[in-house]
Structures are given as C-alpha cells and as structure tokens.
Amino acid sequence: MLRKFICKVTHYNLGEDSVEREHVVYMPQQEYDKSGSRYRNHNWVQEKLVQKIGKKYDEGSYSSKWYINRIYQERI
C-alpha cells in the first residue's frame, strides 16, 4: 500500500512572479513511521521532493529556488 503526500510548493523565479504548485509524492508502507512523529515522514517526503524537482539552492547562492508551504497526507 502507498501513502500519498501532497506538497504545496512556491517556486521562485528571480525577476518575475512566484508560482505555487502542488507536487505529489508516494511513500511505500514500509517507509511510513507510525511512532507519532510526523516530522520523520515529512523529512522523507522532502528528500524525495528534492530528487524530483532539484536542489533548493544553487551552489554559491543564498536565494532559494523553491519553498515548501505545506505537506499533507491524502487517504487513498
């Protein structure tokens, strides 16, 4: 069984307006942490999101390319 996480992400484009998008990340049941700490699951989702859309910062830059506004789980 898979767990579906929806991530609301703001993508920054320097010099132009920001764009808010939703990205979906699926987590296998074996990876899901049931200890009550949702941050372990959120960290796992954030790592997968970095693999999916790229690094948050360019090397040598302090400005972020994207920011996670919200991560929530949707029941399948």
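Refer to the preceding data block for the structure.
Scope of this entry: the structure provided in the associated data block. Bear in mind the structure is a predicted one, so any value in this text is a computation, not a measurement.

**Focus: the overall build of the chain**
Turning to step 1, where the next piece is worked out: Each helix and strand counted, the chain has one helix and three strands in total.
Turning to step 2, where the next piece is worked out: Starting at the N terminus, the α and β elements of the chain follow one another as β-β-α-β.
Turning to step 3, where the next piece is worked out: Taken along its principal axes, the extent of the C-alpha atoms in the chain is 40 × 25 × 20 Å.
Turning to step 4, where the next piece is worked out: Split into buried and exposed, the 76 residues of the chain put 26% on the buried side.
Turning to step 5, where the next piece is worked out: Residue pairs in contact within the chain that sit at least 24 positions apart in sequence constitute 52% of those at least 6 positions apart.

**Details of the pattern of salt bridges**
Turning to step 1, where the next piece is worked out: Applying the stated criterion across every chain yields a total of four salt bridges.
Turning to step 2, where the next piece is worked out: Ionic pairing is found between E22 and K8, a salt bridge with its closest N-O pair at 3.7 Å. Here E22, found in strand 2 (residues 19-28), pairs with K8, found in strand 1 (residues 2-11); they are 14 residues apart in sequence, far enough to count as distant.
Turning to step 3, where the next piece is worked out: The partly exposed category is assigned to E22, whose relative accessible area is 48%.
Turning to step 4, where the next piece is worked out: Between D33 and R40 there is a salt bridge, and its shortest N-O distance comes to 3.1 Å.

**Points about the sheet that holds strand 1**
Pairing between the strands of a sheet is mediated by backbone hydrogen bonds and can be parallel or antiparallel.
Turning to step 1, where the next piece is worked out: Spatial strand order, 2-1-3: three strands in an open sheet with antiparallel pairing. Where the open sheet ends on each side, the last strands, each with one partner, are strand 2 and strand 3 (66-74). Put simply, the sheet's adjacent strands are angled 25 degrees from each other on average, direction ignored.
Turning to step 2, where the next piece is worked out: Along the sheet, helix 1 (residues 38-53) makes contact with strand 1, strand 2 and strand 3, crossing strand 2 at roughly 115 degrees.

**A closer look at the side chain of K4**
Turning to step 1, where the next piece is worked out: As for its placement among the helices and strands, K4 is situated in strand 1.
Turning to step 2, where the next piece is worked out: The exposure class of K4 is buried, given its relative accessible area of 18%.
Turning to step 3, where the next piece is worked out: If near-sequence neighbours (up to four positions away) are discounted, K4 is found in contact with V24, V25, Y26, Y72, Q73, E74 and I76.

**Overview of the nonpolar core**
Turning to step 1, where the next piece is worked out: Of all hydrophobic cores here, the largest spans 12 residues; its members are F5, C7, V9, V25, M27, Y32, W44, V45, L49, W66, I68 and I71.
Turning to step 2, where the next piece is worked out: When residues of this core are traced back to their parent elements, those giving at least two are strand 1, strand 2, helix 1 and strand 3.
Turning to step 3, where the next piece is worked out: When residues no more than four places from it in sequence are discounted, the contact partners of W66 are V9, T10, H11, Y12, L49, V50, I53, G54, K55 and K56.

**A word on the packing of aromatic side chains**
Turning to step 1, where the next piece is worked out: Tallied over the entire structure, the rule returns zero aromatic pairs.
Turning to step 2, where the next piece is worked out: The ring of W66 carries the charged tip of K56 above its face, separated from the ring centre by 5.6 Å.
Turning to step 3, where the next piece is worked out: Between R70 and the ring centre of Y72, over which it is positioned, the NZ or CZ distance is 4.2 Å.

What counts as what
- Residues numbered from 1 in each chain as written.
- Predicted model: local features only at pLDDT ≥ 70, side-chain atom pairs only at ≥ 80, totals over all residues.
- Heavy atoms only, no water.
- Helix = DSSP H or I, 4+ residues; strand = E, 2+ residues; numbered from the N terminus.
- Buried < 20%, exposed > 50% of the residue type's maximum accessible area, 1.4 Å probe, protein only.
- Contact = heavy atoms within 4.5 Å.
- Salt bridge = Lys/Arg side-chain N within 4 Å of Asp/Glu carboxyl O.
- Pairing = 2+ DSSP bridges.
- Axes fitted to C-alpha atoms, helices over the stretch in contact; angles between N-to-C directions.
- Core = buried A, V, L, I, M, F, W, Y, C linked by side-chain atoms within 4.5 Å.
- Phe/Tyr/Trp six-rings, centres within 6.5 Å; stacked < 30°, edge-to-face > 60°.
- Lys NZ or Arg CZ within 6 Å of the ring centre and 35° of its normal.

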